Amino acid sequence: MKNKIKVESSFRDIKNFINIPSNRKGIIEEAPETPINANFAVNSAANFLHPTTQYLKVKQVAEISKDVRAYVLEPDASHGTAKLAFFRPGQYLSITLNIGSAVVTRPFTICSSPLRSVDDEYVIIVKKIPHGFASTHIFNTWAKGTQIVASAPQGNFYYQKLRDSKNIVAICDSNGISSFLSMAEAIADGTLDIDLTLLYSARKRNETIMSERLAELSEATDKFRVIYVFSDERADKCERGFVTKTLIEKYAPASKYSIFVCGSTALYNRITPQIAELRLEKKYIRFGLSGQIINPASLSDFPKDETGKTYFCKVIKNGELVATIPCATEESLLVSLEREGIKTPSSCRSGECGFCRARLIKGNVFIPNGIDSRRLADSSHGIIHPCCSYPMSNLTLIIN
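Draft legend 1. A look at the nonpolar core. Ile171, Phe180, Ile248 and Ile259 are the most contacted members of the largest nonpolar core, which has 53 residues in total. Other than its neighbours up to four places away in sequence, Ile171 contacts Phe180, Leu198, Leu199, Val243, Ile248, Ile259, Phe260, Val261, Cys262, Leu267, Ile271 and Ile275.

Here is the structure:
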């Protein structure tokens, strides 16, 4: 027999409930018209944790290799940032760069521990990309004292106790090492309570980044270990080939575990079918941001007859036509806008956050398979993410 739940109340309770709207209206009408200027603690905490803008400056530059540098950033009190916002290992900063007439943003994952931010230091790793627009500018201009404009820490690629297993098998190449270096640093200093096994994929040992620091961290704690997987050379105590289902199972714990993947698009393309064969629950599989697609024409779903073409985009902002700009089919609309000096909101540059969302009034765009993170309502009303949309005709676009 089912248990019965008995609820007792009185007419007075019902009357008080019905009177709530009129009581609320009376309180509102009696309130003073002048705004309350009190600085509530909850607002102060929110402004500290999630500032709209952080003004930073370069404190130190460290040469990691010929084309890799680590930049230590500190708050720039002269511009109003007295303390750095706290973050979770795996989050990134969206940094604004003024390069000639172009205003661009680039996301850089923080590779240091959150504990270090308490002492007002972030560390980011920048790899110089051949012909890279932003990375070349940073290498040429950033030095001690360089002033920087950045966002608050952003992104969802971090350990969450209610969703993820404490046992994590991480997979990365050199493009994704910052997230897991930050996690390893946090494990070592006691601010992150997880067990992390890192499968680091590279062609050769000399292409890895921060290997000495990873070795120090693995010796400092038994909760972190790194296994290198080289495709083009054999090395002692390292795996040969690529990360596969079999290799994951070899190093995964016997108990339940999560998989975190962060790196290049090529890594994602290789590892996704291997992970699918493991048949894990979807919540235990996490992919970090892959970043901007460098060569969209190489994708299997890119319209091959559109390669090398240029179209024109009418750009509307605040209800007015501000420019008509050329857009190459192999460049995202966001890159085209930035190249022409049109300031456009952006953050992740991977199609996920929606910060750059804009409305396509006229024309067609190509959005790669697996990249489209728009809500169904957005896609049905012509909302696109310019960071992962490529022109396939002349366009009219409304931006924020």
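Draft legend 2. Fine view of the pairing of strand E15 (residues 358-362). Two strands pair when backbone bridges link them, and E15 and strand E17 (residues 383-384) are joined in this way by two bridges, in the antiparallel orientation. Of the residues in E17, the one forming a bridge with Ala358 is Ile384. The pairing of E15 with strand E19 (residues 395-399) spans three bridges and is antiparallel. Bridging across to E19, Lys362 finds its partner in Thr396.

Draft legend 3. View of unusual backbone geometry. The phi dihedral of Asp120 falls on the positive side, at around 65°, and the residue is not glycine. You will see that His131, though not glycine, has its phi angle at about 65°, which is positive. With respect to the helices and strands, His131 occurs in the loop between strand E5 (122-127) and helix H5 (133-141).

Draft legend 4. Region of the structure containing the packing of aromatic side chains. Inspection of the entire model under this criterion finds ten aromatic pairs. Ring geometry for Tyr200 and Tyr228: centres 5.4 Å apart, planes at 35°, overall tilted. One end of the pair, Tyr200, is in strand E8 (residues 195-202); the other, Tyr228, is in strand E9 (residues 224-230), with 28 residues separating them in the sequence. Taking the relative accessible area as the measure of exposure, Tyr228 reaches 9% and is therefore buried.

Draft legend 5. Structural detail: the pattern of salt bridges. Taken as a whole, this structure holds 22 salt bridges when the rule is applied. Between Arg213 and Glu216 there is a salt bridge whose closest N-O contact spans 2.9 Å. Of this pair, Arg213 and Glu216 are both found in helix H7 (residues 211-220), three residues apart, which corresponds to roughly one turn of the helix. On the basis of relative accessibility, which here comes to 42%, the residue Glu216 falls in the partly exposed class. For the salt bridge of Lys250 with Glu239, the shortest nitrogen-to-oxygen distance reads 2.7 Å. Of this pair, Lys250 sits in helix H8 (residues 245-251) while Glu239 sits in strand E10 (residues 239-240); the two residues are eleven residues apart in sequence, bridging distant segments of the chain.

Draft legend 6. Region of interest: the sheet that holds strand E1 (residues 54-65). On the basis of which strands lie adjacent, the open sheet formed by six strands has the order E4-E3-E6-E1-E2-E5 and antiparallel pairing. Two strands close off the open sheet at either side, each with one partner strand: strand E4 (102-109) and E5. With direction set aside, neighbouring strand axes in the sheet form an average angle of 40°. Sheet analysis places strand E3 (residues 92-99) next to E4, joined by eight bridges and oriented antiparallel. Bridge pairing links Ser94 to Pro107 in E4. On the sheet, H5 packs against strand E2 (68-75), E3, E4 and E5 and is oriented at approximately 80° with respect to E3.

Draft legend 7. Representation of the side chain of Ser94. Relative to the elements of secondary structure, Ser94 occurs in strand E3. Once residues within four sequence positions are removed from consideration, Ser94 is found in contact with Thr105, Arg106, Pro107, Val149, Ala150, Ser151, Gln154, Ser346 and Ser347.

Draft legend 8. Expanded view of a nonpolar patch on the surface. On the surface, Phe48, Leu49, Phe86, Leu115 and Val118 cluster together into a nonpolar patch covering about 410 Å² of accessible area. For the nonpolar patch, the elements supplying multiple residues, two or more each, are helix H3 (41-49) and helix H4 (114-118). On the basis of relative accessibility, which here comes to 36%, the residue Leu49 falls in the partly exposed class.

Draft legend 9. Summary view of the sheet that holds E8. Here six strands make up an open sheet; going across it, the order is E10-E9-E8-E7-E11-E12 and the pairing parallel. In this open sheet, the two edge strands, each paired with only one partner strand, are E10 and strand E12 (285-287). Relative to strand E11 (residues 258-262), strand E7 (residues 167-172) is paired through five bridges, and the arrangement is parallel. Looking across to E11, one finds that Cys172 is bridged to Cys262. Seen against the sheet, helix H6 (residues 177-188) touches E7, E8, E9 and E11 and runs at an angle of roughly 150° to E8. In the packing of H7 onto the sheet, contacts are made with E8 and E9, and the angle to E9 comes to roughly 140°.

So, how was this worked out
Positions within a chain are numbered from 1, following the residues in the order the chain's sequence is written. Local features in this predicted model are restricted to residues of pLDDT 70 or higher, and side-chain atom pairs are both shown and tallied only at a pLDDT of 80 or more, whereas totals for entire chains, interfaces and linings draw on every residue. With hydrogens and water excluded, all non-hydrogen atoms of the structure serve as input to the side-chain values. By nonpolar core we mean a set of buried residues, namely Ala, Val, Leu, Ile, Met, Phe, Trp, Tyr and Cys, connected to one another through side-chain atoms within 4.5 Å. The cut-offs for exposure are 20% and 50% of the maximum accessible area for each residue type, with area from a 1.4 Å probe on protein chains only; residues under the lower value are buried, those over the upper are exposed, and the others partly exposed. Note on contacts: a residue pair is in contact if any heavy atoms of the two residues lie within 4.5 Å. Between any two strands, at least two bridges found by DSSP are needed for them to pair. Numbering of helices and strands runs from the N terminus, with a helix taken as a DSSP run of H or I at least four residues long and a strand as a DSSP run of E at least two residues long. Each aromatic pair joins two rings of Phe, Tyr and Trp (for Trp, the six-membered one) with centres within 6.5 Å, and gets the label stacked for planes under 30 degrees apart, edge-to-face for over 60, and tilted for any other angle. Counted as salt bridges are all cases of a side-chain nitrogen of Lys or Arg within 4 Å of a carboxyl oxygen of Asp or Glu. Only the contacting stretch of a helix is used when fitting its axis, a line to C-alpha atoms as for every element, and angles between N-to-C directions run 0 to 180 degrees. Note that patches include only residues with greater than 30% relative accessible area and no salt bridge, and the join distances are 9 Å for like charges and 5 Å for nonpolar side chains (Val, Leu, Ile, Met, Phe, Trp, Tyr). Accessible surface is estimated by sampling points in the Shrake-Rupley manner with a 1.4 Å probe; for residues, cover comes only from the protein chains shown.

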